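# Coordinates in review
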Amino acid sequence: EDQVTQSPEALRLQEGESSSLNCSYTVSGLRGLFWYRQDPGKGPEFLFTLYSAGEEKEKERLKATLTKKESFLHITAPKPEDSATYLCAVPRTGSARQLTFGSGTQLTVLP
Amino acid sequence: DVKVTQSSRYLVKRTGEKVFLECVQDMDHENMFWYRQDPGLGLRLIYFSYDVKMKEKGDIPEGYSVSREKKERFSLILESASTNQTSMYLCASRTSGSYEQFFGPGTRLTVL
């Protein structure tokens, strides 16, 4: 059975304190890994797609990387506006129309 | 930009009422999805549709039905709302050429 596990569940950082969020997965034949940002009371907003091990994507203070078993979302010098829940997801084995989501990491950046 | 809209941001209904949640996307996506999101349980797929009038059950279809009469519109129906259906409901869509799903803003449904 596909599994997507995110850690930590919650992370509190001081403004400017860089860190990484982890998304580990077990699926047969990865067909992509997606990162989303979700603000309280809103729908997830798409951030990145990674397709193969070694791939990296960047957007402002965020950089996503992918290995064969996990993905990292690195946050460099975060600001309070980066506070949100970050979700990762992968297409399901045998039913790529569907995504399996991790439970998310709730990031709080303190000023 | 892909735009997915949902008919209501907040909705309050009574137990036993029939509830309609509507979702519209403007990017000609073939696939549309309904999820519910609850604290500690994450995103769970209720139903999805890969074409007009086509639908498939997700992980938790009980108590729900869907309708897709037009490509851009996907409706979620709670036949007889119950308190355990109080939740955040999220609609998403994607094109068949990609696995990325794009989400609407969500509907916070409270069933009293």
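The following paragraphs examine the structure supplied in this document. (Residues numbered from 1 in each chain as written. Chains lettered and ligands numbered in written order. Predicted model: local features only at pLDDT ≥ 70, side-chain atom pairs only at ≥ 80, totals over all residues. Heavy atoms only, no water.)

### Comments concerning the overall build of chain B
The condition that has to hold: The secondary structure listing takes helices from DSSP runs of H or I that are at least 4 residues long and strands from runs of E that are at least 2 residues long, numbered from the N terminus. When a residue's accessible area, from a 1.4 Å probe over protein chains only, is under 20% of the maximum for its type it is buried; when over 50% it is exposed; and in between it is partly exposed. Residues are treated as being in contact if the distance between any of their heavy atoms lies within 4.5 Å. What sets the accessible areas is the Shrake-Rupley method with a 1.4 Å probe; for residues, cover comes only from the shown protein chains.
Each helix and strand counted, chain B has 0 helices and 11 strands in total. Starting at the N terminus, the α and β elements of chain B follow one another as β-β-β-β-β-β-β-β-β-β-β. Taken over the C-alpha atoms alone, chain B extends approximately 40 × 25 × 25 Å along its principal axes. Considering chain B as a whole, with its 112 residues, one finds that 49% of them fall into the buried category. Counting contacts in chain B only where the partners sit at least 6 residues apart, residues at least 24 apart contribute 56% of the total. With an accessible surface of roughly 5400 Å², chain B has 49% of that area assigned to carbon and sulfur atoms.

### Details of the layout of surface pockets
What counts here: Here the term cavity refers to a set of points on a 1 Å grid, laid over the protein atoms alone, in which a 1.4 Å probe fits but cannot get out; the term pocket refers to an open set having protein on both sides within 12 Å along at least five of seven lines, with lining residues being those that place an atom within 4 Å of a point. Grid points are joined across faces, edges and corners, and a volume is the space filled by probe spheres set on the points. When residue character is reported, Ala, Val, Leu, Ile, Met, Phe, Trp, Tyr, Cys and Pro are called nonpolar, Asp, Glu, Lys and Arg charged, and the others, Gly included, polar.
Quantified by volume, the largest pocket comes out at close to 560 Å³. In terms of lining residues, the largest pocket is bounded by 24 residues, among which Q38(A), T85(A), Q106(A), Q37(B) and P39(B) are the most central. Looking at the lining of the largest pocket, the elements that each hand over two or more residues are β9 (84-92) and β11 (105-110) of chain A together with β4 (31-38) of chain B. Among the elements that make up the lining of the largest pocket, the one with the highest residue count is β11(A) (4 residues). Its residues assigned to classes, the lining of the largest pocket comprises 7 nonpolar, 12 polar and 5 charged.

### A short note on the packing of aromatic side chains
Worth spelling out the cut-off: Only the six-membered ring of Trp is used, alongside the rings of Phe and Tyr, when aromatic pairs are assigned; centres must lie within 6.5 Å, and planes under 30 degrees apart are stacked while those over 60 apart are edge-to-face, with the rest tilted.
Under the counting rule described, the total for this entry stands at 10 aromatic pairs over all chains. Centroid distance Y36(A) to F103(B): 5.5 Å. Interplanar angle 85 degrees. Geometry classified as edge-to-face. Here the residue Y36(A) occupies a position in strand β4 (residues 33-38), and F103(B) occupies one in strand β10 (residues 102-103), the pair thus bridging two chains. Judged on exposure class, the residue Y36(A) and its partner F103(B) are both buried. Where F33(B) meets Y35(B), the ring centres are 6.3 Å apart and the plane angle is 25 degrees; that geometry is what we call stacked. Across the pair, Y35(B) and F33(B) agree in class, each one buried.

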